[in-house]
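# Summary of the model geometry
The chain contents come next:
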Amino acid sequence: MTTLQDRPNTALLVVDVQNDVVHKAHERDMIVANVAVLVERARREAVPVVWVQHADEELLRDSDGWRIVPELTPREGEPLVHKNYGDSFEDTTLEAVLSGLGAGRLVVAGASTDACVRSTLHGAFVRGYDTILVGDAHTTTDTTAWGAPPPDQVIAHTNLYWNYQAAPGRTAGTVETKDVDFVGAG
């Protein structure tokens with residue numbers, strides 16, 4: 001249903017699953033394991049896996065903290081998009097990569113829920129992509145000291161509100177890892 005022309009394919013978008021981003025994240029090991037399941041399933045089903053990697057003044061490019069976690073290894077030929085802003089589309093090659101793949105539907109996993117994942121979800125949706133969030137494959141850190149709700153509530157709220165997004169000609173929703181359908185609507 002995407003509003004993008006000639007974009008019948010789906011891509012798995014793995015956002016910022018980097019050492020320092022998920023080091024102290026809520027349920028880190030479970031989330032990384034679920035992302036690994038999604039990556040392997042996508043590869044088996046010949047669905048492109050697109051990796052996104054953030055850098056900024058606190059997360060220096062080429063540092064150990066900047067690297068993708070050791071449990072996940074991008075394969076040769078899988079696109080890797082470098083970014084400096086929350087929205088993975090902002091001032092990056094992501095749109096060109098997805099266009100080249102014919103992808104109009106994105107399945108999104110990664111970190112951090114209340115920052116880069118949320119920004120990327122909205123960025124994709126407003127650009128015309130069907131956008132599915134994998135509800136048990138994204139995480140965030142505890143920022144309650146700055147007035148935020150606990151991480152489990154941030155994740156639950158994001159899963160809830162993303163499930164009810166609507167816009168003309170586009171679909172959105174939230175599914176669990178076991179229910180991801182790279183071809184269909186879930």
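Keep in mind it's a predicted model, so treat the numbers as computed, not measured.

Within the secondary structure, Thr92 is located in the loop between strand 3 (80–83) and helix 3 (94–101). Separated by ten residues in sequence, Thr92 and His82 have C-alpha atoms that sit 6.6 Å apart. Among all residues touching Thr92, those that are not within four sequence positions of it are Val81, His82 and Lys83. Of note is the side chain of Thr92, whose polar atom sits 3.5 Å from the backbone oxygen of Phe89.

Quick look at helix 5 (residues 151–163) now. Compared with the 18 Å implied by 1.5 Å per residue over 13 residues, the 18 Å span of helix 5 between its first and last C-alpha is a close match. Restricting attention to buried positions, one finds in helix 5 the residues Pro151, Val154, Ile155, Thr158, Asn159, Tyr161 and Trp162.

A separate point is the side chain of Gln53. Checked against the element boundaries, Gln53 lands in strand 2 (residues 49–54). Only 2.9 Å separates the side chain of Gln53 from the backbone oxygen of Trp66, close enough to count as a polar contact. Sequence-distant contacts of Gln53, that is, excluding residues within four places in its chain, are made with Asp16, Gln18, Trp66, Arg67, Ile68, Leu80, Val81, His82 and Lys83.

The next point concerns the packing of aromatic side chains. What the rule picks out here adds up to three aromatic pairs. Arranged with centres 5.4 Å apart and planes meeting at 40 degrees, the rings of Phe89 and Tyr129 form a pair that is tilted. Taken together, the residues Phe89 in the loop between strand 3 and helix 3 and Tyr129 in the loop between helix 4 (113–126) and strand 5 (130–139) connect sequence positions 40 residues apart. Across this residue pair, the class does not change: Phe89 and Tyr129 are buried. Aromatic pair Phe125 and Trp162: ring centres 5.5 Å apart, planes at 70 degrees, arrangement edge-to-face. Taken together, the residues span a long stretch of sequence, with Phe125 in helix 4 and Trp162 in helix 5 at a distance of 37 residues. Across the pair, Trp162 and Phe125 agree in class, each one buried.

In strand 3, alternate side chains face the same way, and those of Val81 and Lys83 are buried while those of Leu80 and His82 on the opposite face are not. Where strand 2 meets strand 3, four bridges bridge the pair, whose relative direction is parallel. Bridge pairing in strand 3 links His54 to Lys83.

What counts and how
Counting from 1, residues in each chain are numbered in the order their sequence is written. Side-chain atom pairs in this predicted model are given and counted only at pLDDT of 80 or more, local residue features only at pLDDT of at least 70, and totals for whole chains, interfaces and linings cover all residues. The basis for the side-chain values is all heavy atoms of the structure; hydrogens and waters are excluded. Labels follow the DSSP assignment, with helices taken as runs of H or I lasting at least four residues and strands as runs of E lasting at least two, numbered in each case from the N terminus. Here, two residues are considered to be in contact whenever any of their heavy atoms come within 4.5 Å of each other. Polar contact is the term for a pair of N or O atoms within 3.5 Å; when the atoms are in protein, one must be able to donate a hydrogen and the other to accept it, and sequence-neighboring residues count only if both atoms are side-chain atoms. To estimate the expected span of a helix, count its residues, drop one, and scale the result by 1.5 Å. Exposure classes here rest on a 1.4 Å probe applied to the protein chains alone. A residue is buried below 20% of its type maximum, exposed above 50%, and partly exposed in between. Each pair of aromatic rings taken from Phe, Tyr and Trp, with Trp reduced to its six-membered ring, is defined by centres within 6.5 Å and is described as stacked if the planes are under 30 degrees apart, edge-to-face if over 60, and tilted in the remaining cases. Between any two strands, at least two bridges found by DSSP are needed for them to pair.

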